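Descriptive analysis of the structure
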Amino acid sequence: MFDIARIASSLSTWWWLVLCLMFLLYVGLDGFDLGAGIFALFSKDEEERGAIMASMAGFWDGNETWLVVAGGILFGAFPLVYGSAFNYLMIPLMIALWGIISRAVAFEFHVHAIGSKRFWGWMFALGSLFAPFGAGIALGAALQGFPMSHHIAAEGVTGAHALLFNVVPHYSGAAFTFLSPFSIWTGIGAVIAASLAGGLYLCARFVPGDVIHERAKKWTNAFSMIALAAIVVTLIWSYAIFPWAAAKWTGANWWIWLVWIVVILGFAYKSMVAHSNQHDFAALLWGEGVVALMWFAMWATMFPYVVPNTWTVQAAANPADSLAVFTLFMTGFVPIMIMYNWYQIWVFRGRYTKKAMYSAH
């Protein structure tokens, strides 16, 4: 006989892990092309912006599919989180989506524009700045938990419908409840992290000696130090304001977190050494390793919550039968998407100069 509770627990944990992976793939892959766009804010001519845009023309939209998949998993596996997130985080998510949309439109128009080429170049660069800033604010606000209450939606509703409404909590905050010093800081931190990733990407994409490569090298050196400082500030701030994080980091298994930090610092050191030796692709991979390790550490710290102090993974998940159907129809797409995106990146690999890249733009 099937144990429904065990099946529901296993499936919800499975989708929580897949959700972690999808967000990581988006942060890791789209982070570097957003960072390259932030770098383009400081480009001295439109030819350089065009070359940067052309360098990611083959896969920038593929990188964003992981965000769509993550949204689909939230909708299908954790609908309570999905629904309330678009109340609590409406404004920062709008900022992020406006940034992503403006980038997408700029990619289409910049190459054909004559009189408005500069305008579309700036739309690409500003959109690249707004997207990580909005997403970073949303992440910081989510870590603070969603303000939810019962009995809100039942006002004016009577009888059996009122009892039904009271079972599900509803968003009880205001439009700007998400805004706090910490959420603003995580928005800035996301811009810093994307800027570093963008510098590593441009160094790996352009030929050493090319003007973009040389500028990106100096940019990466500066943002390596800024990013390390930002990580330290974020960890200390998180320890101070999140009791659930402090309890884990200083609990019985504190040594695991200490080892984890040492490993992260080791990856960061390897990235910086590879960058200084002009092993640019290796530096990019070590840098992506830092992002992955920090992302896994954040999710492990939050567990068993999917939203800290709001919903556990089990409480936020759909019923077992819905999760079973969702699993049957969706799981097979994940490895196919990973293989397709990897093939796409492999096809468009290679290094170029500013002139060669712009001429193909």
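Residues numbered from 1 in each chain as written. Predicted model: local features only at pLDDT ≥ 70, side-chain atom pairs only at ≥ 80, totals over all residues. Heavy atoms only, no water.

**Observations regarding helix H1 (residues 4-40)**
Between its first and last C-alpha atoms H1 spans 53 Å; for 37 residues at 1.5 Å apiece the expected length is 54 Å, and the two agree. At glycine 31, H1 shows its maximal kink, close to 35°. (Helix = DSSP H or I, 4+ residues; strand = E, 2+ residues; numbered from the N terminus. Expected span 1.5 Å × (residues − 1). Bend = angle between axes of the 7 residues up to and from the residue.)

**Here we look at a nonpolar patch on the surface**
Judged by side-chain polarity, Phe86, Met90, Met94, Leu97, Trp98, Ile101, Val105 and Phe109 come together as a nonpolar surface patch covering roughly 740 Å² of accessible area. Relative to the helices and strands, valine 105 resides in helix H5 (residues 90-110). The exposure class assigned to valine 105 is partly exposed, which follows from its relative accessible area of 31%. (Patch = residues over 30% accessible without salt bridge, like charges linked within 9 Å, V, L, I, M, F, W, Y side chains within 5 Å. Areas by Shrake-Rupley, 256 points an atom, 1.4 Å probe, with all protein chains shown as cover. Salt bridge = Lys/Arg side-chain N within 4 Å of Asp/Glu carboxyl O. Buried < 20%, exposed > 50% of the residue type's maximum accessible area, 1.4 Å probe, protein only.)

**What about the environment of glutamate 47?**
In this fold, glutamate 47 is placed in helix H2 (residues 46-55). Along the backbone, glutamate 47 and arginine 118 are 71 residues apart, and their C-alpha atoms lie at a distance of 9.7 Å.

**Looking at the pattern of salt bridges**
Under the counting rule described, the total for this entry stands at 3 salt bridges. When the shortest N-O distance is used, the salt bridge between arginine 49 and glutamate 46 registers 2.8 Å. Highlighted residues: arginine 49 and glutamate 46, both in helix H2, separated by 3 residues, approximately one helical turn. Judged on exposure class, the residue arginine 49 and its partner glutamate 46 are both buried.

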